[in-house]
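Coordinates in review
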Amino acid sequence: MFGYYLDLALRSLKRNKVLTALMVIAIAVGIGASMTTLTVMHLLSGDPIPTRSATLFYPQVDPSPDPDPGHTHEAWDMMDYRSAMDLWAAHRADRQAMVASGSLRLTAPEVNQPPLMAQMLSTTSDFFPMFDVPFQYGGGWQPQDDQSRSRVAVISSDLNIKLFGGANSVGRTLRLKDNDVRIIGVLAPWRPSPQFYDVAGGRFSNGKTASFYNKPEDVFMPFSSSLDINASGTNIFTCWHVPDADTKIEDKPCVWVALWVQLDSAAKASNYRRFIADYAAQQKALGRLTHADNTTLRSLMQWLDFNQVVPSDVRLQTWLAFAFLLICLFNTVGLLLAKFLRRSGEIGVRRALGATQGAVLAQCLVEAGLIGLIGGIGGWLLTLLGLALIRQQPVEYADLLHLDSMMFLTTFVMAIVASLLAGAVPAWRASRVALGLQLKTL
Amino acid sequence: MIMEIRPIFASMRKHMIPATLIVLEIALACAVLCNAVFMISQRVSDIHLPNAIDEQSLVTVTLRGTDDKLAGSDVPRNLAALRGIAGVQSAAVISTLPLSTNNWGWSFGTKPESTITDQSTTNVSLFFVGPGIDKTLGLRVVQGRFFNDDDYANSSLGSAPLPETHAVVLTKSLVEKMWPGQPALGKTMYTTGHYYTVVGVMADVLRPNIGGQNYSTAFFPLGAAGSKGVQAYYVMHCDPQDRDRIVREAELKLATINPGAVAKGQTYSEIRTKYFANMSSMAWMLVLVCVVMLAVTAFGIVGLTSFWVNQRRRQIGVRRAVGATRGHIMRYFQTENFLLSTAGVVFGMALAFGINAYLMQHYELNRMPWYYLPCGAIALWVIGQLSVFGPARRAAAVPPVVATRSA
């Protein structure tokens with residue numbers, strides 16, 4: 001029966017090509033617009049590290065000293081060096097890494113290229129295993145390198161291609177400012193979306209969060225030795241006092257260090273939560289912290305949510321695209337109604353020859369579904385076009401965009417479901433055609 | 001006209017589904033159209049925000065990775081070299097530029113006890129400027145004076161993010177925000193440990209990042225010797241037609257005399273275009289959505305009305321047979337469409353303002369001005385009338401003889 005309906009539907013679509021084209025175009029445009037924005041949304045709001053995200057946490061304590069009545073009870077997005085260092089050095093989590101970012105001048109002495117400003121991540125040895133960072137050559141550094149302030153570095157695949165043409169550069173030298181540093185590892189291409197370990201300050205960004213989708217830094221160095229080299233170029237989140245002249249960065253009244261911890265079970269997470277609360281209470285007793293009750297431990301996904309990582313423009317576009325799809329659907333409802341009811345006579349004959357209302361309904365829905373399928377193909381092509389257009393835009397996440405298999409399937413499912421929904425009222429209306437009246441008019 | 005409305009309502013009641021569909025389609029189109037046009041207008045006005053510097057005559061080279069301790073001798077040497085380039089009318093250093101996205105902000109209050117964490121303080125973007133910057137940028141000082149040699153000589157940057165000086169020049173908008181309705185010259189702004197007295201007020205210069213207070217910009221004097229190398233932007237003023245050549249020459253010159261550093265040249269127009277590139281592509285996307293949406297709505301109305309005309313061929317025939325002219329039939333369908341559009345516009349406006357209220361809460365949009373209501377209504381009435389014209393003419397062409405055929 002389905003095959004027969006399909007045949008009928010094809011004939012009917014061919015009979016009025018303009019009307020068919022209008023409906024297909026409406027569905028294709030609506031699906032194209034909404035799938036383009038939905039794909040962007042899907043890629044930007046996804047889990048940057050699906051295998052690990054459930055066990056990664058972001059502890060925070062509040063170093064702000066002001067017993068301020070207007071205090072918002074939300075700790076700053078990063079920690080001061082002392083708090084972060086204490087928590088890290090306690091080694092109470094399965095793995096833990098401090099991170100801070102900065103920029104500095106970089107050259108490779110053996111390579112004849114002009115100097116460039118590179119982004120550097122200061123971190124500790126657990127960073128690479130904890131975040132499952134893939135290596136192409138060599139590997140990360142060891143805990144003793146953090147202790148002994150080793151002048152070693154891991155570089156990104158991009159930087160390795162730029163400086164060394166992609167060859168194995170382990171053992172070669174980088175000059176960072178005026179210091180020679182030995183390369184011990186080269187990353188394989190690694191592009192988490194968003195660049196989650198640097199996310200902070202989303203709530204102060206007015207929704208302009210596209211920079212969270214930047215590429216990872218080009219140089220990774222042990223926290224201790226990177227401060228020896230580039231304390232002045234390290235990014236500071238904010239300060240609660242103006243630092244005195246020539247205070248070392250470690251002692252500045254500023255927040256600039258983030259700590260990530262891996263906690264493999266819920267029990268460990270609740271233990272760790274208690275640990276940071278105890279730590280804050282103890283520091284309050286020592287007179288260093290004021291807001292001891294203000295500690296949090298968010299999971300990675302909670303932290304991304306808190307920072308509203310998806311740029312507000314992208315969310316707005318998604319809303320707009322779905323409103324647009326809705327308009328296209330109403331349009332299709334109207335056109336399908338016109339199409340089905342124009343065939344009232346034909347339907348009357350079928351009904352008189354014994355077709356049930358359900359059969360007529362099914363026939364109409366098959367036709368609507370077929371339009372959806374064709375519209376879906378158009379929508380898929382338009383989605384590819386839309387993504388290609390966004391890839392041309394100067395946005396940080398442009399290179400991330402592609403249509404994965406899940407979104408490919410969603411395109412067609414959505415097109416067919418949308419057209420069936422659009423076809424429901426017209427099909428129902430067509431199946432209720434008054435039999436006698438139609439036969440009389442033939 | 002009044003006489004014709006009653007039969008139209010009667011007919012609509014018999015054809016609830018198509019009538020409802022047209023109303024819904026127009027309502028949705030109206031709601032989305034108003035909001036989309038409003039968003040476009042907001043973006044366009046952002047893109048054209050005025051900025052009181054000579055944008056078209058400015059060229060800049062950023063020099064990074066220099067030795068902070070040598071800034072006192074390096075900066076004057078570099079500036080002298082840049083002034084030697086043919087066509088450079090003046091050159092100066094500054095720590096950041098409007099719309100460069102390179103922002104250093106700090107909050108100041110108007111009372112001595114103000115701290116950075118106070119709620120009542122104003123967040124301000126700090127620009128640390130070197131001698132000659134007023135002439136180079138083409139700043140307009142509207143009250144008081146710009147910095148003199150003593151100001152530059154007596155200012156330095158500790159390790160602090162704030163300069164050790166007591167002179168500041170603010171924009172007109174910023175002084176209006178901090179001391180509304182009061183003369184600003186001689187007023188002092190405070191933060192813990194530092195205070196600055198307003199020596200001059202300048203025309204509105206944009207911040208490095210806009211959003212919220214676009215003109216909360218403060219200029220502080222900073223001589224090269226005490227600058228710790230934060231003044232990484234070398235700015236040059238020149239004739240607009242020389243810009244491209246001067247960018248190349250200045251970049252090359254700075255790279256040559258500072259072999260260890262990284263020099264990158266841009267014209268100021270490029271900085272501005274780059275800042276708004278994303279915004280303008282969003283605006284174009286919205287325009288595209290509006291156009292396609294209106295087209296889809298129009299085709300939908302054409303399709304539905306044609307169907308409706310076909311369904312009522314016999315009735316039209318009867319009316320024609322009993323004496324209605326073609327004009328009567330045309331007017332009937334046009335009036336019908338006008339009524340449906342009106343209903344759609346009424347619903348659509350309610351929806352439009354509802355969506356706007358939601359977006360205001362979640363996306364920092366402003367309230368939609370009232371005149372979007374009549375403009376949106378007129379736009380959709382026009383579209384409705386245009387799309388009904390074809391089907392209505394076909395309806396008017398139905399000959400009276402149809403009435404006599406079958407049933």
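Small disclaimer: the values here were computed from a predicted structure and weren't measured.

**Quick word on the overall build of chain A**
- Within chain A one finds 14 helices and 12 strands.
- Relative to the compact-globule value of 22 Å for 442 residues, chain A shows a C-alpha radius of gyration of 30 Å, a clear excess of over 25%.
- Judged by the C-alpha coordinates and their principal axes, chain A covers about 100 × 55 × 35 Å.
- Classification of the 442 residues of chain A by burial places 46% in the buried group.
- Considering only residue pairs separated by 6 or more positions, chain A has 79% of its internal contacts joining residues 24 or more positions apart.

**Some words on the overall build of chain B**
- For chain B, the helix and strand inventory stands at 11 helices and 13 strands.
- When the backbone C-alpha atoms are referred to their principal axes, chain B occupies close to 105 × 50 × 30 Å.
- Expressed as a percentage of the 407 residues in chain B, the buried residues total 44%.
- A sequence separation of at least 24 residues applies to 83% of the contacts in chain B between residues at least 6 apart.

**Here we look at the nonpolar core**
- Grouped together as the largest cluster of nonpolar side chains are 92 residues, with contacts concentrated most on I27, F324 and I327 of chain A together with C30 and V32 of chain B.
- Of all elements in the fold, only α2 (17-45), α10 (312-342), α12 (357-391) and α13 (405-431) of chain A together with α2 (16-47), α8 (268-311), α10 (326-363) and α11 (372-396) of chain B reach the threshold of two or more residues within this core.
- Excluding its chain neighbours within four sequence positions, the residues that come into contact with V32 of chain B are A323, F324 and I327 of chain A together with M293 of chain B.
- Listed in part, the 81 residues of the second largest apolar core include Y81, F220, V261 and V314 of chain A.

**A word on the packing of helix α1 (residues 2-15) of chain A against α12 of chain A**
Residue and element names in this part refer to chain A.
- Two elements in contact, α1 and α12, have axes separated by 9 Å at closest approach and are oriented at 60°. By the angle between their axes, α1 is oblique relative to α12. Like other packed secondary-structure pairs, α1 and α12 cross with a definite hand, here right-handed. Side by side, α1 and α12 meet where F2, Y5, L6, L8, A9, S12 and L13 of the first sit next to A362, Q363, V366, E367 and L370 of the second.

**Thoughts on α13 of chain A**
- Compared with an ideal rise of 1.5 Å per residue, which puts 27 residues at 39 Å, α13 of chain A spans 37 Å between its outermost C-alpha atoms and is within 8% of the ideal.
- At A424 of chain A, α13 of chain A shows its maximal bend, which comes to roughly 40°, and the proline P426 of chain A appears one to four places after that position.

**Remarks on the domain arrangement of chain A**
Residues and elements named next belong to chain A.
- Taken domain by domain, chain A comprises domain 1 (2-45 + 311-440) and domain 2 (53-306).
- Each of domain 1 and domain 2 has a C-alpha centre, and these two points are 49 Å apart.
- Taken residue by residue, the interface counts 8 residues in domain 1 and 9 residues in domain 2.
- Looking at side-chain class alone, the side of domain 1 that touches domain 2 contains 6 nonpolar, 1 polar and 1 charged residues.

**Section: the domain arrangement of chain B**
- Each assigned domain of chain B is listed with its residue range as follows: domain 1 (2-48 + 277-405) and domain 2 (66-260).
- Its C-alpha centre places domain 1 of chain B at a distance of 54 Å from the equivalent point of domain 2 of chain B.

**A word on the environment of A434 of chain A**
All names here are of chain A.
- By the secondary structure assignment, A434 is in the loop between α13 and α14 (435-441).
- Judged by the 11 C-beta atoms lying within 10 Å of it, A434 is exposed.
- In this structure, the C-alpha to C-alpha distance between A434 and G345, residues 89 residues apart in sequence, is 9.9 Å.

**Regarding the interface of chain B and chain A**
- At the interface, 50 residues of chain B touch 51 residues of chain A.
- If one sorts the elements of the side of chain B that touches chain A by residue count, α8 of chain B sits on top with 17 residues.
- Looking at side-chain class alone, the side of chain B that touches chain A contains 25 nonpolar, 20 polar and 5 charged residues.

**Examining the confidence of the model for chain B**
All names here are of chain B.
- When pLDDT is averaged along chain B, the result is 88, and 96% of the positions lie at 70 or above.
- The secondary structure element of chain B with the lowest average pLDDT is helix α1 (residues 2-14), at 74, and the one with the highest is strand β12 (residues 233-237), at 96.
- As a predicted assembly, this complex carries a pTM of 0.83 together with an ipTM value of 0.79.

**Considerations on unusual backbone geometry**
- S193 of chain A connects to P194 of chain A through a cis peptide bond whose omega is -5°.
- Positionally, P194 of chain A belongs in the loop between β7 (179-187) and β8 (219-222).
- Here the phi dihedral of K228 of chain B falls at roughly 55°; this positive angle occurs in a residue that is not glycine.
- Examined against the element boundaries, K228 of chain B turns out to sit in the loop between β11 (217-221) and β12.
- The partly exposed category is assigned to K228 of chain B, around which 17 C-beta atoms lie within 10 Å.

**Examining the packing of α2 of chain A against α12 of chain A**
All names here are of chain A.
- Orientation of α2 relative to α12, taken along the N-to-C sense of each, is 45°, at an axis distance of 7 Å. Comparing the axis directions of α2 and α12 gives the class oblique. Relative to α12, the crossing made by α2 is right-handed. Here α2 contributes M23, V24, I27, A28, V29, I31, G32, M35, T36, T39 and V40 to the contact with α12, which in turn contributes I371, G372, I374, G375, G376, G378, G379, L382, T383, G386, L387 and I390.
- A per-class count over the contact of α2 with α12 returns 13 nonpolar, 10 polar and no charged.

**Considerations on helix α3 (residues 71-83) of chain B**
Residue and element names in this part refer to chain B.
- The end-to-end C-alpha distance of α3, which contains 13 residues, comes to 18 Å, matching closely the 18 Å that a straight helix rising 1.5 Å per residue would cover.
- Regarding α3, the residues found buried are A71, D74, V75, N78, L79 and L82. Projected down its long axis, α3 shows its buried positions confined to an angular sector of 125°, all on one face. Seen from the buried face of α3, the exposed residues on the opposite side, beyond 90 degrees, are S73 and A80.

**So, the pairing of strand β2 (residues 95-107) of chain A**
All names here are of chain A.
- Burial runs high along β2: 11 of the 13 residues are buried.
- As defined by bridge partners, β2 adjoins strand β11 (residues 258-262) across 5 bridges and the pair is classed as antiparallel. Bridging from a neighbouring strand, M98 pairs with L259 of β11.
- As paired strands, β2 and strand β3 (residues 116-123) are joined by 8 bridges and run antiparallel to one another. Note on β3: the bridge partner recorded for S101 is L121.
- The pairing of β2 with strand β6 (residues 173-176) spans 2 bridges and is classified as antiparallel. Bridge assignment links L106 to a residue of β6, and that residue is L176.

**Regarding the environment of H42 of chain A**
All names here are of chain A.
- Turning to its location among the elements, H42 is positioned in helix α2.
- Overall, the presence of 16 C-beta atoms within 10 Å leaves H42 in the partly exposed class.
- Along the primary structure H42 and D404 are separated by 362 residues, whereas in three dimensions their C-alpha atoms are 9.9 Å apart.

**Here we look at the pairing of β3 of chain A**
- As paired elements, β3 of chain A and β8 of chain A share 4 bridges and run parallel to each other. Note that in β8 of chain A the partner of S122 of chain A across the bridge is M221 of chain A.

**Some remarks on the environment of G344 of chain B**
Residue and element names in this part refer to chain B.
- Within the fold, G344 resides in helix α10.
- On the neighbour-count criterion, G344 (26 C-beta atoms within 10 Å) is buried.
- As a C-alpha pair, G344 and L21 span 323 residues in sequence and 9.6 Å in three-dimensional space.

Reading the values: rules and limits
Residue numbers here run from 1 along each chain, matching the order of that chain's written sequence. The lettering of chains begins at A and the numbering of ligands begins at 1, in the order of writing. With the structure being a predicted model, the display of local features is reserved for residues of pLDDT at least 70 and the display and counting of side-chain atom pairs for 80 or more, all residues being used for whole-chain, interface and lining totals. Helix and strand assignments come from DSSP, with helices taken as H or I runs of at least 4 residues and strands as E runs of at least 2, each series counted from the N terminus. Only C-alpha atoms enter the radius of gyration, while the globule expectation follows 2.2 Å times N to the 0.38, with N the number of residues. Exposure classes come from backbone-placed C-beta atoms, where a residue is buried if 20 or more other C-beta atoms lie within 10 Å of its own, exposed if 12 or fewer do, and partly exposed in between. Throughout, a residue-residue contact means that the two C-beta atoms, derived from backbone geometry, are no farther apart than 7 Å. Buried Ala, Val, Leu, Ile, Met, Phe, Trp, Tyr and Cys residues whose C-beta atoms connect them within 7 Å together make up a nonpolar core. Every axis in this analysis is a line fitted to C-alpha atoms, fitted for helices over the stretch in contact. Angles between the N-to-C directions lie between 0 and 180 degrees. To sort the angles, those under 35 degrees are grouped as roughly parallel, those over 145 as roughly antiparallel, those from 65 to 115 as roughly perpendicular, and the leftovers as oblique. Should the near helix be turned anticlockwise from the far one by less than a right angle, the crossing is termed left-handed; should it be turned clockwise, right-handed. Helix span, expected: 1.5 Å multiplied by one less than the number of residues in the helix. A residue's bend is the angle separating two fitted axes: one through the seven residues that end there, the other through the seven that start there. For each domain, the first and last residues come from an automatic or database assignment. Note that Gly is not counted as nonpolar here; it falls among the polar residues with everything else outside the nonpolar set of Ala, Val, Leu, Ile, Met, Phe, Trp, Tyr, Cys and Pro and the charged set of Asp, Glu, Lys and Arg. A score between 0 and 100, pLDDT records how confident the predictor is in each residue. Here, the arc refers to the directions that run from the helix axis to the C-beta atoms. Criterion used throughout: strands pair if DSSP finds at least two bridges between them.

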